[in-house]
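What follows is the residue order along each chain.
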Amino acid sequence: MFERQHASVSQSEVTNPFVMVQQQIDAICERIKVSETCRLRLRECERELTVHFPVKMDDGTVKVFTGYRVQHNDSRGPAKGGIRYHPDVTLDDTRTLAALMTLKAAVVNIPYGGAKGAVACDPKTLSQDELEKLTRRYASEISLLIGPEKDIPAPHVGTNPQVMAWIMDTYSMNKGYSVLGVVTGKPMELGGSRGRFEATGRGCMICAQLAGKHLGISLKEATVVVQGFGNVGATAAKLLAKEGSRIIAVSDSRGGIYNPDGLAVESVLRHKRETGSVVDFKDAENITNAELLGLKCDILIPAAIENQIHEGNAASVKAKIIVEGANGPTTTEAAKILRDNGVFVVPDILANAGGVVVSYFEWVQGLQSFFWTEDEVNHQLQAVMDNAFREVLEMSQRGKTDMRDGAYMLAIKRIADTMEARGIFP
Ligand code: NAD
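Quick caveat, the model's predicted, so the values are computed rather than measured.

A. Quick look at the sheet that holds strand β7 (residues 246–252). Pairing in this open sheet of 7 strands is mixed, and the strands run β9-β8-β7-β6-β10-β11-β12 from one edge to the other. The open sheet has two free edges, formed respectively by β9 (285–287) and β12 (344–346), since each of these has just one partner strand. Averaged over all pairs of adjacent strands, the angle between their axes in this sheet comes to 20°, without regard to strand direction. Both strand β6 (residues 223–227) and strand β10 (residues 299–302) contribute to a ladder of 4 bridges, which runs parallel. Each residue of the ladder has a partner; that of V224, found in β10, is I299.

This is how it looks when you write it as structure tokens:
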């Protein structure tokens, strides 16, 4: 009765990230005894739109681009998720990220489902005019799905507040009035939220603080290592330094820097702005990203890209706490090694959820046309993260497991409870 009607995956089953997410969902559903109906519904995406659309380029030629919008599950509220512009995007990656958004929103208990969008393009090679035309046409194509009550995009890799402004304007032009709530991550003058830029890094700082409290490590005495010195990593480093922590190493794609006495984060930021990298900072020695991950420290924040802690280096990690600022920085094999070695890992779907929480606040402010101060935003973010961390910890303790499984168990239970209560239409 509940059989899958068709296979929804196209890449090799072994390497396909969506198959891996489906396997994780299956395993957690089995563990917490979620009904077969919910399991089968959760392992698929509810809606998937593929679009091929033309854009007139500056040289007069026409190019046809491919884009996607995928809604994984909207049982708990409108679907929410970023839009990526990158040459290598695939439908399966988009499905994977949409599913993770459903779980992330459920972990922090905000009333959203999960979605993701993408256009296969290299935004660095497009003129501003081409980027605007591509964005407006893509927004029109996916306007079947998006809307403040249905599905709310946000920036992700390769997109930014300006791209969100064009999507908001395109959608509004078709409606005949301004619709602030159709996207988040908008520029401030267009209904963006205060505190949004720092939200993900702030969420990481809060998780580090709560994990430290749980293990008896005060941020005032903690040593911190951060991989990736972009929006998330640099903000987390800045806020942790403010709390009194010693930031002993940071890195970016060109390499890392190390000073056991602590780095002056603001000066490192200035150095990066001036030279394009943290490397060769005057008050530190250069190290490699591999060396950085093995440094002795209290808190390690991988905030760069995925799969940085893997089977080959997980055993050399000496941090007591890992706060996963990036999406998927730890492979499945590495997660097992870290668990066996007693490293306390705050998983990505909790650790980097600060961004989607403040996106939710932006949506709420837009719907009400009533805007909050930065203090109000930060205060509400702290409350949401405090609650989520406590609930994940309790779930992991009850299930005698780690925080990663605890987060998945909490999220899937919440979504399954909603699906059960709603039933199946018709
Ligand atoms: P960003 O582009 O601002 O910064 C990324 C940083 O990582 C840069 O300093 C870059 O040089 C560095 N980097 C890239 N490859 C590296 C490598 N191999 N080794 C070391 N450093 C490397 O991006 P961001 O917005 O800070 O996002 C970082 C991660 O956090 C991504 O995985 C992203 O998906 C995730 N994330 C971001 C947000 C957000 O609100 N920005 C929200 C949730 C998750």
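B. Seen up close, the pairing of strand β3 (residues 79–85). The buried fraction of β3 is high, at 7 of 7 residues. Chirality of the crossover, the property in question, places the unit of β3, helix α3 (residues 91–107) and strand β4 (residues 113–119) among those that are right-handed. Bridge count between β3 and strand β5 (residues 151–155): 5 bridges; the pairing is parallel. Directly across from A79, in β5, lies its bridge partner D151.

C. Molecular detail of the pattern of salt bridges. What the rule picks out here adds up to 22 salt bridges. Of the charged contacts, one joins R43 and D26 as a salt bridge, the two residues approaching to 2.9 Å between their closest N and O atoms. Of this pair, R43 sits in the loop between α2 (36–42) and β1 (47–56) while D26 sits in helix α1 (residues 17–31), and the two are 17 residues apart along the sequence. Residue classification places R43 among the buried residues on the basis of a relative accessible area of 10%. Ionic pairing is found between E198 and K238, a salt bridge with its closest N-O pair at 3.2 Å.

Rules used in this analysis
- Residues numbered from 1 in each chain as written.
- Predicted model: local features only at pLDDT ≥ 70, side-chain atom pairs only at ≥ 80, totals over all residues.
- Heavy atoms only, no water.
- Pairing = 2+ DSSP bridges.
- Helix = DSSP H or I, 4+ residues; strand = E, 2+ residues; numbered from the N terminus.
- Axes fitted to C-alpha atoms, helices over the stretch in contact; angles between N-to-C directions.
- Buried < 20%, exposed > 50% of the residue type's maximum accessible area, 1.4 Å probe, protein only.
- Right-handed = clockwise from strand over helix to strand, strands pointing away.
- Salt bridge = Lys/Arg side-chain N within 4 Å of Asp/Glu carboxyl O.

Nothing here speaks to function; it is all geometry.
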